[in-house]
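Next come the chains, spelled out residue by residue.
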Amino acid sequence: MKVLLVGNGGREHALARALVRTSNADHPVELVVQAGNPGLEPLGRSLVFNPLDPADVVRRAVAEKVDLVVVGPEAPLVAGVADAVIEVGIPCFGPTQAAAELEASKSFAKQIMNEAGVKTARSFTCRTMDEVDAALDDLGAPHVVKDDALAAGKGVIVTEDRQAAREHAEGCLSRPDGAVVIEDYLEGPEVSLFCLADGTTAIPLVPAQDFKRVGDGNEGPNTGGMGAYTPLPWLREDAVDEIVETVAKPTITAMKARGTEFRGLLYCGLAMTSKGIRVVEFNVRFGDPETQVVLERLDSPLSELLYAAATGNLADAPAPVWSTDAAVTVVLASGGYPGPTDTGHIIAGIEDAEALEGVHVIHAGTSEEITSDPADVAAGCCGFEPDSAIVNTGGRVLDVTARAATVEEARVLAYEGVAKIHFEGEHHRSDIATWPADLNTAGA
């Protein structure tokens, strides 16, 4: 199967690695990937294209004669890439623009949850500061204020400080058509469950937990995610079945009833509250960094599952096969993240980390830069290989992922890998994959 993978961040590196790792003689995979990620590019033939331009993606998919397009990030889905690909007759793993509204608008997601009878936090959608103040008064502290639109995982604030909540809301409302969702705080540990969907059927992957706050002990602002692990030893055995039956299936059914069939990945972000399971958020693509650990445990062909979802045949697809091993990933971030970041620094130690058995390093925000003297490069002739180095270019830079027999063993191994890598300003959490689970409560 020839697959075009759209996106070139850490999630896409993890997807590409899983597609290649789980391929076999019965399910061989040839990858075409988006250029720009030095970790991702070696896994397939790399092309330069604009992931936000549906026509450009279609041109590449048609020219390459691919059998499947897999869209990684949310922005291309919201831009209508899946619609354009499907229109030319190529299966696409990823929802249409209309279905992607589940992530593009938190207020729309709340509306769907209401129609589907899915339990979530009580909320208000606000478009004026008067409405914001009324909602804050009604719900009380802690205040949970969410940008209604896409915000790369950083559009949420959870605070006891009413003024901070108002300022965040005001910033969201300052944009054209700006809106915010203000909701009850959900107390309890967080669970991320990915469900493959083909419009009718939902198949769960293994649950994981993401650590969203930037600092140890859940201190500091929200980020796109600072680490994750799976399995969750503290999660009751029937939780996944309950989530599928009470959250994923009703949501997919409600979308189909609207005439907006959902095919792709339904990311269920959940709070395990004292009153039961509650939805914190929906996303319409693989989560980052949970993808890194979830797919590390997959031992059957990923391509087969994604193609079945894209073509409406999940009910007939073989069930995914999972390793009993655990996986832990720790994110290494640039100085200043999640605020303005300090980038352009040479990264040392990636090869040393990957030399550890059971460890691999996912590139999320890096690039390869020539470090040779420009005069030497200009004068180089046949066979000349200029020196180069990997530098940090984004907020989240690398994901050190380890697989071992237990969560604790994988955690120790992951941090051994982290200790091998160095770049100026680097910071990471030191408590990824620790529990009791209440260390990482949902709330947002």
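As the structure is a computational prediction, the values presented were derived from the model and not from experiment.

Draft legend 1. Region of interest: the pattern of salt bridges. If you walk through the whole model with that rule in mind, you get 29 salt bridges. Residue K212 is joined to E190 by a salt bridge in which the shortest nitrogen-to-oxygen separation is 2.5 Å. One end of the pair, K212, is in the loop between strand 12 (209-210) and strand 13 (213-215); the other, E190, is in strand 10 (residues 190-198), with 22 residues separating them in the sequence. According to the relative accessible area criterion, K212 is buried, its value standing at 13%. In this structure, R236 and E242 form a salt bridge, with 2.7 Å as the shortest nitrogen-oxygen distance. Judged by relative accessible area, which is 29%, E242 ranks as partly exposed.

Draft legend 2. View of the nonpolar core. With 80 residues, the main nonpolar core has L4, V69, L102, F282, V328 and I421 as its most contacted residues. Sequence-distant contacts of F282, defined by excluding residues within four places in its chain, comprise L102, E103, A109, M113, V247, T251, L266, Y267 and C268. Membership of the second largest hydrophobic core comes to 36 residues, among which are V293, L295, A308 and L314.

Draft legend 3. Summary view of the sheet that holds strand 12. Taken together, five strands build an open sheet; the order of strands is 12-15-18-22-19 and the sheet is antiparallel. The open sheet terminates on both sides in strands that have one partner only, identified here as strand 12 and strand 19 (359-363). As paired strands, strand 18 (residues 326-333) and strand 22 (residues 396-404) are joined by eight bridges and run antiparallel to one another. Across the sheet, residue A326 finds its bridge partner in strand 22, namely A404. Running at roughly 130° to strand 19, helix 1 (residues 10-21) makes contact with strand 19 and strand 22 of the sheet. On top of the sheet, helix 14 (residues 407-420) reaches strand 15 (227-230), strand 18, strand 19 and strand 22; it is set at about 30° to strand 18, its chief contact.

Draft legend 4. Quick peek at the pairing of strand 14 (residues 219-222). Note: strand 13 against strand 14, two bridges, orientation antiparallel. Across the sheet, the residue bridging to R213 is N222, located in strand 14. Between strand 13 and strand 14, which pair antiparallel and follow one another directly, the connecting turn spans three residues, one of which, G217, has a positive phi of 70°.

Draft legend 5. Main features of the side chain of E290. Here E290 shows up in helix 10 (residues 290-294). This buried residue, E290, is left without a salt bridge; K212 holds the nearest opposite charge, at 5.1 Å. In terms of polar contacts, E290 uses its side chain to reach the side chain of Y267, at 2.7 Å. If we ignore the near neighbours within four places in the chain, the residues touching E290 are S192, F194, A208, D210, A228 and Y267.

Draft legend 6. Spatial organisation of the side chain of D147. For D147, the location among the structural elements is in strand 7 (residues 143-147). Judged by its relative accessible area of 6%, D147 falls in the buried class. Here the side chain of D147 touches A149 through a polar contact of 3.1 Å, landing on its backbone nitrogen. Aside from chain neighbours lying at most four places away, what touches D147 is K106, G155, H168, C172, R175 and A179.

The rules behind each value
Residues numbered from 1 in each chain as written. Predicted model: local features only at pLDDT ≥ 70, side-chain atom pairs only at ≥ 80, totals over all residues. Heavy atoms only, no water. Salt bridge = Lys/Arg side-chain N within 4 Å of Asp/Glu carboxyl O. Helix = DSSP H or I, 4+ residues; strand = E, 2+ residues; numbered from the N terminus. Buried < 20%, exposed > 50% of the residue type's maximum accessible area, 1.4 Å probe, protein only. Core = buried A, V, L, I, M, F, W, Y, C linked by side-chain atoms within 4.5 Å. Contact = heavy atoms within 4.5 Å. Pairing = 2+ DSSP bridges. Axes fitted to C-alpha atoms, helices over the stretch in contact; angles between N-to-C directions. Lys, Arg positive; Asp, Glu negative; His and termini not counted. Polar contact = N/O pair within 3.5 Å; in protein donor to acceptor, adjacent residues only side chain to side chain.

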